[in-house]
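# Survey of secondary and tertiary structure
Chain residues, written in single-letter form:
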Amino acid sequence: MSTAKIPNQKKSNEETTVIVGMSGGVDSSVCAAVLKEQGYNVIGMFMKNWEEQDENGVCQSSKEYADVISVCEKLDIPYYSVDFVKEYRDNVFQHFLDEYEAGFTPNPDILCNREIKFKVFLNKALELGADYLATGHYCQNILIDGENHLVKGNDPGKDQTYFLYTMKKEKLEHVHFPIGHLPKTEVRKLAEKFDLSTKHKKDSTGICFIGERNFKNFLSNYIQIKPGKFETLSGEEVGEHTGSAYYTIGQRKGLGLGGPGAPWFVVGKDTKRNVVIVERGEDHPALFFDELWADEISWVSGEFKGELPLKCKAKIRYRQEDQDCTITKIEDGELHVQFDQAQRAVALRQSIVFYTQVQGHAVCLGGAMISRAGKSHYEQGQ
């Protein structure tokens, strides 16, 4: 049996209580199994955030909780369910709707981690007497020079630090990521080893409260989105869209625009006029930017540490490779970023997340919300 220790752990494994946030998926199931094998006092806790029945009258959360129960009974550990439906609607879902109504494309996973999983859920775990909350995120909590750091997961295709950049080091002192050092293939093997009922369960994708349903139909139940015009940068009308909120910068698919020539791409939005601006070509200069500004800054350390200008790496979307950049200044709650190479499709109100190397670890410094971009290459005449 492994004698692995959690960062900051002061008691023996047997004396340490870990509540595992269990979603009904394979990742959190393996977390519980690994911790149980390591000798910790493990408790499974299911978080109910959404309450809506499918066409058969069955609530999706009930299905997920049934999987949690199955795994916990297999592992012979206690389990509970906690209800955060109201908190989720008030602090995550309403913000999601507000952003879409304003014409932006929000990322609710970041807000859910900040407001639910590592706020009310973590507080609940600690209130119940847990020493730590463990989750199935693909990231790591590593002590470097006696201080907790949020570090990328070892599986580059699964790393989730992008969604966790609002985490603070004080919370990391109570959080553990048992599978963050593992590749997904190894997690699947462990699920087989422990013979968990979730071992063959597919990974969930997309936004949790939408599921497999049509996104436009779902959103239309909550907000009124008006159709409008597609226009080119010169003002030529080239078609009609179903609502500017449904489109994001750089998008190609789903525009419904054809004709001879290169494919159309979204290069901008005029939300006041409800116009989506499009141009032909994946490499159109209107899609490329050298700099941006961002606000709502959140540092894992709690405050900016270092000197400006700061050379580091960043990503402006989850699946992007890390980009070399320089944070040149921070003033009036906004930071300025200059990129070494032009960035394609900078979308307002998306997050930019920063990284640096510390003693061989890819440390997440924090991030911010993109508030404005510099002049595009088209505007610069390139």
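Everything here concerns the structure above.
Residues numbered from 1 in each chain as written. Predicted model: local features only at pLDDT ≥ 70, side-chain atom pairs only at ≥ 80, totals over all residues. Heavy atoms only, no water.

Using the criterion set out here, one finds 25 salt bridges in the structure. Across the salt bridge formed by Asp203 and Arg188, the nearest N and O atoms sit 3.1 Å from each other. Within this pair, whereas Asp203 is found in the loop between helix H6 (184-193) and helix H7 (215-220), its partner Arg188 is found in helix H6, the two being separated by 15 residues in sequence. Using a relative accessible area of 21% as the deciding quantity, one classes Arg188 as partly exposed. Salt bridges here are not isolated pairs; linked through shared partners, they connect Asp27, Lys158, Lys184, Arg188 and Asp203. (Salt bridge = Lys/Arg side-chain N within 4 Å of Asp/Glu carboxyl O. Helix = DSSP H or I, 4+ residues; strand = E, 2+ residues; numbered from the N terminus. Buried < 20%, exposed > 50% of the residue type's maximum accessible area, 1.4 Å probe, protein only.)

One ladder, built from three bridges, connects strand S13 (residues 310-315) with strand S16 (residues 351-358); its direction is antiparallel. When the bridges of S16 are listed, Lys313 appears paired with Tyr355. Sheet topology note: the S16/strand S17 (residues 361-373) ladder contains eight bridges and is antiparallel. Bridging from a neighbouring strand, Val358 pairs with His361 of S17. Linking S16 to S17, which pair antiparallel, is a turn of two residues; within it Gln359 sits at a positive phi near 50°. (Pairing = 2+ DSSP bridges.)

Position of Lys5 relative to the elements: it lies in the segment before strand S1 (17-22). Spatially, the C-alpha atom of Lys5 lies 8.9 Å from that of Gln38, the residues being 33 residues apart in sequence. Apart from the residues lying within four places of it in its own chain, the contact partners of Lys5 are Lys11, Ser12, Asn13 and Tyr40. A polar contact is formed between the side chain of Lys5 and the side chain of Asn13, at a distance of 3.1 Å. (Contact = heavy atoms within 4.5 Å. Polar contact = N/O pair within 3.5 Å; in protein donor to acceptor, adjacent residues only side chain to side chain.)

For His336, the position within the fold is in strand S15 (residues 334-344). Exposure remark for His336: the relative accessible area of 8% places this residue in the buried category. Here the side chain of His336 touches Glu291 through a polar contact of 2.6 Å, side chain to side chain. Polar contacts involving the side chain of His336 include one to the side chain of Thr328, which spans 2.5 Å.

Per the stated rule, a full pass over the model turns up 20 aromatic pairs. Ring centres of Tyr162 and Phe163 lie 5.6 Å apart, and the angle between their planes is 90°; this geometry places the pair in the edge-to-face category. Each member of the pair, Tyr162 as well as Phe163, is classed as buried. Taken together, the ring pairs connect Trp50, Tyr88, Phe93, Phe96, Tyr100, Phe215, Phe218, Tyr222 and Tyr246 into an aromatic cluster. One Lys or Arg, Arg89, reaches over the ring of Trp50 and ends 4.6 Å from the middle of that ring. Lying across the ring of Tyr355, Lys152 places its NZ or CZ 4.5 Å from the centre. (Phe/Tyr/Trp six-rings, centres within 6.5 Å; stacked < 30°, edge-to-face > 60°. Lys NZ or Arg CZ within 6 Å of the ring centre and 35° of its normal.)

Our next topic: the layout of surface pockets. Here the second largest pocket is characterised by a volume of approximately 530 Å³. Around the second largest pocket, the lining comprises 24 residues; the ones closest to its centre are Ile249, Val267, Gly268, Lys269 and Leu348. When its residues are assigned to classes, the lining of the second largest pocket shows 13 nonpolar, eight polar and three charged. (1 Å grid on protein atoms, 1.4 Å probe; cavity = no way out; pocket = protein on both sides within 12 Å on 5 of 7 lines; lining within 4 Å. Points joined across faces, edges and corners; volume = space filled by probe spheres on them. Nonpolar A, V, L, I, M, F, W, Y, C, P; charged D, E, K, R; others polar.)

In space, the four strands of this open sheet follow the order S9-S8-S11-S10, with mixed pairing throughout. Two strands in the sheet have a free side with no partner beyond their single neighbour: strand S9 (237-241) and strand S10 (264-270). Taking the axes of each pair of neighbouring strands and ignoring which way they run, one obtains an average angle of 30° across the sheet. Of the strand pairs in this sheet, strand S8 (residues 228-231) and S9 are connected by four bridges, and their pairing is antiparallel. Among the inter-strand pairings, Glu231 is bridged to a residue of S9, identified as Glu237. (Axes fitted to C-alpha atoms, helices over the stretch in contact; angles between N-to-C directions.)

What follows covers the state of the cysteines. The term disulfide refers to a covalent linkage connecting the sulfur atoms of a pair of cysteines. Considering all chains together, one arrives at zero disulfides under this definition. With no disulfide partner, Cys72 has as its closest neighbouring cysteine sulfur the one in Cys31, 12 Å distant. Owing to a relative accessible area of 0%, Cys72 belongs among the buried residues under this scheme. Of all cysteine sulfurs in the structure, the one in Cys139 sits closest to Cys364, which takes part in no disulfide; the separation is 9.2 Å. Under the relative-accessibility criterion, Cys364 is labelled buried at 2%. (Disulfide = S-S within 2.5 Å.)

It is worth stressing that arrangement in space is one thing and function is another; only the former is reported here.
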